[in-house]
Amino acid sequence: MEEKPFSVIVNGAVPGEPVKTDKNSRRGNWGNQIEFILTSVGYAVGLGNVWRFPYLCYRNGGGAFMFPYFIMLVFCGIPLFFLELSFGQFASQGCLGVWRISPMFKGVGYGMMVVSTYIGIYYNVVICIAFYYFFSSMTNLLPWTYCNNPWNTPTCNGVVTPRGINNTLANVTRSLVTGAAEVAVEVVNKTKRTSPSEEYWKHYVLQISDDIGNFGEVRLPILGCLAVSWVVVFLCLIRGVKSSGKVVYFTATFPYVVLTILFIRGITLEGAVTGIKYYLTPQWHKILDAKVWGDAASQIFYSLGCAWGGLITMASYNKFHNNCYRDSIIISITNCATSVYAGFVIFSILGFMAHHLNVDVSEVADHGPGLAFVAYPEALTLLPISPLWSLLFFFMLILLGLGTQFCLLETLVTAIVDEIGTDWIVRNKTVVTGGVAIVGFLLGVPLTTQAGIYWLLLMDNYAASFSLVIISCIMCICIMYVYGHKKYFKDVEMMLGFPPPIFFRVCWRFVSPIIISFILIFTVIQYKPITYNDYVYPGWSLAIGFLMAMSSVICIPIYALYKIAKSEGTTFLERLKNSCKPDMKWGPALSEHRIGLYATPGSEGEVEVRPLKEELREKEKEDEKRDEISLTIQGSNGSTEHNTTPSA
């Protein structure tokens with residue numbers, strides 16, 4: 001009778017036999033495979049696809065940059081993506097739990113958590129600024145259109161003629177083309193042009209201070225938008241992947257709708273073809289430049305989100321036999337195709353703007369916040385119904401940012417819940433999510449001050465730079481050489497039903513680690529102290545930047561020494577060897593998947609159905625013993641041979 005609830009879970013099951021559901025009801029799974037793919041696409045496709053890739057492509061030879069970019073995608077991007085997805089899916093654990101594969105390397109997981117924390121703090125500040133611009137666009141006239149505002153300076157030069165406004169109030173120093181209905185074209189030779197969008201960004205939105213140490217006051221409008229950002233992220237993750245998996249149907253797909261609308265509008269503008277030609281025209285002589293290959297490798301590595309911990313976390317909610325090999329190829333190619341597509345959108349608009357300013361495209365193109373919040377908004381003022389296009393553009397930025405932010409927060413929450421692992425914390429995961437969101441909001445408050453943009457760029461340049469490369473390299477070494485490539489290939493075959501293709505086996509063992517090492521060396525050689533426009537960061541701030549970068553890497557040796565000290569053994573080598581051995585709990589999470597090598601009693605605490613099955617077995621054994629004793633005592637009639645059916 002006690003097995004009935006267990007045997008009728010799925011139609012068609014044999015009565016009295018356990019049913020394989022391939023579902024982890026205690027931890028949770030994605031509702032379906034589309035939710036995982038959309039979430040991973042939203043995670044990989046972020047703000048960097050819109051502003052960083054087009055800039056790098058333009059700076060490194062246009063179309064010629066595509067060649068090393070796709071080479072790096074094939075030999076580094078997709079293999080690393082597949083490695084992290086298979087790693088998390090096999091163990092059904094977050095970025096900390098997976099290191100049962102080799103406990104000494106658990107510091108890599110802590111390093112991933114530190115990186116995700118840094119990125120999560122400043123990434124949401126960028127999203128909140130996009131919210132601010134989105135709300136500011138809800139007007140008949142974009143506030144950064146003209147130079148007649150209280151925050152403008154005498155050097156401001158707009159590209160649009162103020163209609164019905166005294167020109168002297170707008171700008172006494174600029175040159176205007178005659179005709180009230182014509183667009184003003186800047187033809188005078190100036191050493192530096194200050195646009196109304198740049199002054200709106202600096203003097204109104206940020207009210208930027210003169211030094212990174214001069215925090216000034218908190219910008220309350222930005223602080224309010226930051227609160228809105230965190231509330232939105234929390235509400236979308238309130239039920240973990242069950243709720244975020246539904247939200248991504250919109251957040252991961254609608255940006256493509258907006259990109260397409262902006263692309264169609266962009267290519268119909270005068271001068272758009274010039275911008276696209278500038279974007280795509282190959283400068284083949286640059287392909288021999290090591291810097292071009294270094295930028296291509298770095299862009300692939302950072303764009304896909306490798307070593308952040310997010311890929312491992314997202315894959316951990318997959319069902320055990322999901323084809324993550326197929327998913328890794330789909331998501332990686334989608335991410336890179338989005339970057340290329342965004343380049344067409346951006347440079348069609350910038351070409352249009354260059355045409356109106358009568359300057360080269362190189363003089364209006366920018367990267368980072370400069371492209372998203374200065375150059376592109378200014379170009380939007382030249383379009384008819386400019387507030388509509390501005391709303392669409394910043395709404396797209398918000399959705400792109402949220403897709404990445406969801407995974408960053410889920411990475412931290414999952415790591416905490418998996419590490420503690422008590423029933424209470426599993427049931428109250430929402431409380432953990434809320435707590436992490438509140439802490440993230442409070443840590444982001446300094447970035448909403450007048451010096452906030454300096455700190456944001458410092459974190460962006462140092463918190464997730466060479467540390468990610470080191471973390472990823474050590475992860476490859478641990479899995480391939482410490483745990484053993486043959487064992488890991490068998491694990492993947494056990495999970496997918498087929499071994500990893502030979503191309504991926506070669507990349508995991510040799511090619512990808514070499515490329516990662518190349519990225520690290522290139523990053524060190526090409527290092528230049530960070531600047532923001534004309535502002536040079538002081539030495540003490542750069543020291544803080546390096547400390548942030550090292551804080552994630554230092555977790556690895558510190559935890560390794562701790563684990564070695566705690567391991568069994570009389571000599572250092574014995575302890576080192578024991579600390580590298582896989583934990584008894586390493587392997588698939590569900591008992592139905594723990595076969596062969598993993599069918600060991602050491603995984604009891606991690607198995608979802610096992611305790612019930614073992615309880616039934618123990619009860620059967622007790623009943624058998626009881627019957628045997630009873631029949632033996634009664635036994636002069638020789639009936640002991642009838643004790644074949646246990647009472648259970």
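Here the residue numbers are simple positions, counted from 1 along each chain's written sequence. The predicted origin of the model limits local features to residues at a pLDDT of at least 70 and limits the giving and counting of side-chain atom pairs to 80 or more, whereas totals for whole chains, interfaces and linings rest on all residues. Only hydrogens and water are set aside when side-chain values are computed; all heavy atoms of the structure are taken into account.

What counts, and what does not: UniProt positions are given in the numbering used here, feature names are shortened, and annotations may be inferred rather than shown by experiment.
If you look the protein chain up in an unreviewed UniProt entry, it shows as Transporter from Salmo trutta. Reading the Sequence similarities (unreviewed entry) entry of the UniProt record for the protein chain gives the comment "Belongs to the sodium:neurotransmitter symporter (SNF) (TC 2.A.22) family." Note on the protein chain: under the UniProt heading Subcellular location (unreviewed entry), the record states "Membrane".

### With respect to the environment of L576
Under the convention used in this document: Each helix corresponds to a stretch of at least 4 residues labelled H or I by DSSP, and each strand to a stretch of at least 2 residues labelled E; elements are numbered beginning at the N terminus. Working rule for contacts: check all heavy atoms of both residues, and any pair within 4.5 Å makes them a contact.
Along the chain, the position of L576 falls in helix 24 (residues 572–580). On a C-alpha basis, the gap between L576 and A560 in space is 9.0 Å, while along the polypeptide they are 16 residues apart. For L576, the residues in contact, after removing those within four places along its chain, are M104 and I564.

### Section: the pattern of salt bridges
Threshold: When a carboxyl oxygen of Asp or Glu is within 4 Å of a side-chain nitrogen of Lys or Arg, the pair counts as a salt bridge. Only protein chains enter the area calculation, which uses a 1.4 Å probe; residues under 20% of their type maximum are buried, those over 50% are exposed, and those in between are partly exposed.
Using the criterion set out here, one finds seven salt bridges in the structure. Of the charged contacts in the structure, one is a salt bridge between E419 and K106, with a shortest N-O distance of 2.5 Å. Of the two residues, E419 sits in helix 16 (residues 386–420) while K106 sits in helix 5 (residues 106–136), which places them 313 residues apart along the sequence. For E419, a relative accessible area of 36% puts it in the partly exposed group. Residue class for K106 comes out buried when judged on its relative accessible area of 13%. E410 is the partner of K429 in a salt bridge, and the nearest nitrogen-oxygen pair spans 2.8 Å.

### Some remarks on the confidence of the model for the protein chain
As a general rule, the predicted coordinates of low-pLDDT regions are not to be interpreted in detail. Applicable threshold: Known as pLDDT, the predictor's per-residue confidence is scaled from 0 to 100.
Across the protein chain, the average pLDDT comes to 84, with 83% of residues at or above 70. Every residue in residues 1–19 scores below 50 in pLDDT, and together they form 22 contacts with partners more than four places removed in sequence or on other chains. Between residues 164–191, whose pLDDT stays under 50, and residues either more than four places distant or in other chains, the model counts 48 contacts.

### Some points on the environment of T153
Inclusion rule: Between N or O atoms, a polar contact is any pair within 3.5 Å; within protein, one atom must be a potential hydrogen donor and the other a potential acceptor, and residues adjacent in sequence are included only when both atoms are from side chains.
Take T153: it is sitting in the loop between helix 5 and helix 6 (167–170). According to the relative accessible area criterion, T153 is partly exposed, its value standing at 27%. Separated by 50 residues in sequence, T153 and H203 have C-alpha atoms that sit 9.3 Å apart. Discounting chain neighbours no more than four positions away, the residues touching T153 are E199 and H203. A polar contact of 3.0 Å, which involves the side chain of T153, links it to the side chain of T155.

### Digging into the state of the cysteines
Joining two cysteines, a disulfide is a covalent bond between their sulfur atoms. Stated precisely, the cut-off is as follows: We call a pair of cysteine sulfur atoms a disulfide whenever their separation is within 2.5 Å.
Applying the stated criterion to the full structure yields one disulfide. The side chain of C147 participates in a disulfide bridge whose partner is C156; the two sulfur atoms lie 1.9 Å from each other. One quick way to see it: the torsion about the S-S bond of C147 and C156 is about -60 degrees, and its sign makes the bridge left-handed. Each member of the pair, C147 as well as C156, carries the same accessibility label: buried. C76 supplies the cysteine sulfur nearest to C507, a cysteine that is in no disulfide, at a spacing of 8.7 Å. By relative accessible area, which is 1% here, C507 ends up buried.

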